[in-house]
Amino acid sequence: MGLHRFAGAPQCLAIDDKYRQRPLCFICVVIIVPHGFGGTSIAGNNLRGSNMDSAILGPVVALAAWTMIIWIWMYATRLPAMGRAGIDGTKVVGSTGGALRDALIAKGEEKASWVADNYNHLHEAPTVFYAVCLVLAMIGQGDNLNATIAWAYVGLRVAHSLVQIFSNRVIIRFSLFALSSIALMMLVAHSVMAVLLH
């Protein structure tokens, strides 16, 4: 869809306070206009301008990708462990993750559950991380310090995953989790100051 298609609807593309009155129209334009228009696209300019900072989106994508890696890792370890434990997955009915974990531990396959435990952990505090990073990006606060903190958070979460999967030493896990939580709290605090206390 060419840029000229939008020329007759300036109320949708306004980059001043007018777009706040028609958020759905503005969002639709951002989604529809291809990225390839680059500097000639008004919507593209907004994404790369003061209203959207994409630097912090790097760690968001990185942590999402790491979560998918853990998902693959989980099944690569759990399915063989179920086979060794004599658990036929095709005959399991109504079992919960906790019940399967207990069954594997009872058969000496505890380490197979460590990956699954970490996969679950990546859907807890990181959900707040995703939300706050998107907020910071949308309000133009996703660069410099906040982007650095976000990368630190991702690094700490990856380290937490590796520790939990390979050794599961609680004291090390707790230390990494505490540090990542401090980083997350800093991002939340910055978003609160920018959105609610500006």
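In this text, all values refer to a predicted model and were calculated from it rather than measured experimentally.

Asker: Teacher, can you tell me more about the overall build of the protein chain here?
Answerer: Summing up its helical and strand segments, the protein chain has 9 helices and 0 strands in all. Seen in sequence order, the protein chain has helices and strands lined up from the N terminus as α-α-α-α-α-α-α-α-α. Of all 198 residues assigned to the protein chain, the portion counted as buried reaches 36%. Once local pairs closer than 6 in sequence are excluded, the contacts in the protein chain between residues at least 24 apart make up 73%. In the structure as shown, the protein chain presents an accessible area of about 11400 Å², 67% of it carried by carbon and sulfur atoms.

Asker: What is the right way to look at the side chain of Asn 168 in this model?
Answerer: Mapped onto the elements, Asn 168 comes out in the loop between helix H8 (144-166) and helix H9 (170-195). Ignoring sequence-local partners within four residues, the contact set of Asn 168 consists of Trp 114, Val 163 and Arg 173.

Asker: Explain helix H7 (residues 125-138) here, please?
Answerer: It helps to recall that an α-helix has 3.6 residues per turn; residues three or four apart then point in one direction. If you check H7, its first and last C-alpha atoms are 21 Å apart, about what 14 residues at 1.5 Å a residue would give, namely 20 Å. Listed as buried for H7 are Pro 126, Phe 129, Val 132, Cys 133, Leu 136 and Ala 137. Along the axis of H7, the buried positions cluster into a sector of 140°, meaning they face one direction only. Each element contacted by the buried residues of H7 is listed here: helix H4 (57-84), helix H6 (110-121), H8 and H9. Gly 140 lies just past H7 and shows a positive phi near 75°.

Asker: Help me understand H4 in this model?
Answerer: In a regular helix each residue adds 1.5 Å, so 28 residues correspond to 40 Å; H4 covers 41 Å between its end C-alpha atoms and thus fits that length. Once H4 finishes, Gly 86 follows within two positions and takes phi at roughly 75°, a positive value.

Asker: Help me understand the packing of H7 against H9 in this model?
Answerer: Two numbers describe a pair of packed helices, the interaxial angle and the distance between the axes. Where H7 meets H9, the axes come as close as 10 Å, and the angle between the chain directions of the two elements is 35°. Of the two elements, H7 crosses H9, and the hand of that crossing is left-handed. Packed against H7, whose contacting residues are Ala 125, Val 128, Phe 129, Val 132, Cys 133, Val 135 and Leu 136, the element H9 presents Leu 184, Leu 187, Val 188, His 190, Ser 191 and Val 195 at the interface. Here the contact of H7 with H9 is built from residues that sort into 11 nonpolar, 2 polar and no charged.

Asker: What should I look at first to understand unusual backbone geometry in this one?
Answerer: Backbone geometry at Asn 144 places phi at a positive 50°, although glycine is not the residue there. Considering the arrangement of structural elements, one finds Asn 144 in helix H8. Positioned with a positive phi, Asn 168 is a non-glycine residue whose angle comes to about 60°.

Asker: Sorry, what's going on with the nonpolar core here?
Answerer: Note that soluble globular proteins tend to have their nonpolar side chains buried in a common cluster. If you look at the biggest cluster of nonpolar residues, it comprises 23 residues, and the most contacted ones within it are Leu 63, Ile 70, Phe 129, Cys 133 and Leu 187. Among the elements of the structure, H4, H6, H7, H8 and H9 are those that each provide at least two residues to this core. If near-sequence neighbours (up to four positions away) are discounted, Leu 187 is found in contact with Phe 129, Val 132, Cys 133, Leu 136, Asn 146, Ile 149 and Ala 150.

Asker: Before we go on, may I ask you to explain the pattern of salt bridges in this structure?
Answerer: Under the counting rule described, the total for this entry stands at 1 salt bridge. Across the pair Glu 109 and Arg 84 runs a salt bridge, and its minimum N-O distance is 2.9 Å. Of the two residues, Glu 109 sits in the loop between helix H5 (97-106) and H6 while Arg 84 sits in helix H4, which places them 25 residues apart along the sequence. A relative accessible area of 15% means that Glu 109 is categorised as buried. On the basis of relative accessible area, Arg 84 is assigned to the exposed category, the value being 56%.

Calculation criteria
- Residues numbered from 1 in each chain as written.
- Predicted model: local features only at pLDDT ≥ 70, side-chain atom pairs only at ≥ 80, totals over all residues.
- Heavy atoms only, no water.
- Helix = DSSP H or I, 4+ residues; strand = E, 2+ residues; numbered from the N terminus.
- Buried < 20%, exposed > 50% of the residue type's maximum accessible area, 1.4 Å probe, protein only.
- Contact = heavy atoms within 4.5 Å.
- Areas by Shrake-Rupley, 256 points an atom, 1.4 Å probe, with all protein chains shown as cover.
- Expected span 1.5 Å × (residues − 1).
- Arc of directions from axis to C-beta.
- Axes fitted to C-alpha atoms, helices over the stretch in contact; angles between N-to-C directions.
- Left-handed = near helix turned anticlockwise from the far one by under 90°.
- Nonpolar A, V, L, I, M, F, W, Y, C, P; charged D, E, K, R; others polar.
- Core = buried A, V, L, I, M, F, W, Y, C linked by side-chain atoms within 4.5 Å.
- Salt bridge = Lys/Arg side-chain N within 4 Å of Asp/Glu carboxyl O.

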